[in-house]
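Here is what each chain is made of, one letter per residue.
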Amino acid sequence: MPQHAQNTRVCRDCDGFATAAITTGTRHRDGTRATLQIICPACQGTGRTVPAANLHHIGR
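In short, a report on the structure.

What to know about a nonpolar patch on the surface
- A cluster of nonpolar side chains, contributed by I22, L36 and I38, occupies part of the molecular surface with about 260 Å² of accessible area.
- Structurally, I38 can be placed in strand β2 (residues 33-39).

Here we look at unusual backbone geometry
- Even without being a glycine, D15 presents a positive backbone phi close to 60°.
- Positionally, D15 belongs in the segment before β1 (19-27).
- Overall, the relative accessible area of 56% leaves D15 in the exposed class.
- The backbone of Q44 shows a phi angle near 60°, a positive value even though the residue is not glycine.
- Along the chain, Q44 falls in the segment after β2.
- Relative accessible area serves as the criterion here: at 56%, Q44 is assigned to the exposed category.

So, the pairing of β1
- Where β1 and β2 come together, six bridges link them in antiparallel fashion. Across the sheet, residue A21 finds its bridge partner in β2, namely Q37.
- Linkage of β1 to β2, two consecutive antiparallel strands, is achieved through a turn of five residues, within which G31 is found at a positive phi near 100°.

Rules and cut-offs
- Residues numbered from 1 in each chain as written.
- Predicted model: local features only at pLDDT ≥ 70, side-chain atom pairs only at ≥ 80, totals over all residues.
- Heavy atoms only, no water.
- Patch = residues over 30% accessible without salt bridge, like charges linked within 9 Å, V, L, I, M, F, W, Y side chains within 5 Å.
- Areas by Shrake-Rupley, 256 points an atom, 1.4 Å probe, with all protein chains shown as cover.
- Salt bridge = Lys/Arg side-chain N within 4 Å of Asp/Glu carboxyl O.
- Helix = DSSP H or I, 4+ residues; strand = E, 2+ residues; numbered from the N terminus.
- Buried < 20%, exposed > 50% of the residue type's maximum accessible area, 1.4 Å probe, protein only.
- Pairing = 2+ DSSP bridges.

The following block contains the structure:
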C-alpha cells in the first residue's frame, strides 16, 4: 500500500520561497557582493501558511 505524504500548505504569496537575496550592486573588499535578505511579509519567512484552525473569525 502506498504511503501518502502530508499536505503542507505553501504560502501563496511566495510559493514556498520565503527568503530572497537581492544584490545591491556593490562589492565587499574580498570581492563578494553585498546582498540584502528579504523575507515574505505574508508568511514571515516560513514558506507555509497558517492552518485555518488558527485563524480568528472577526465579525458575524
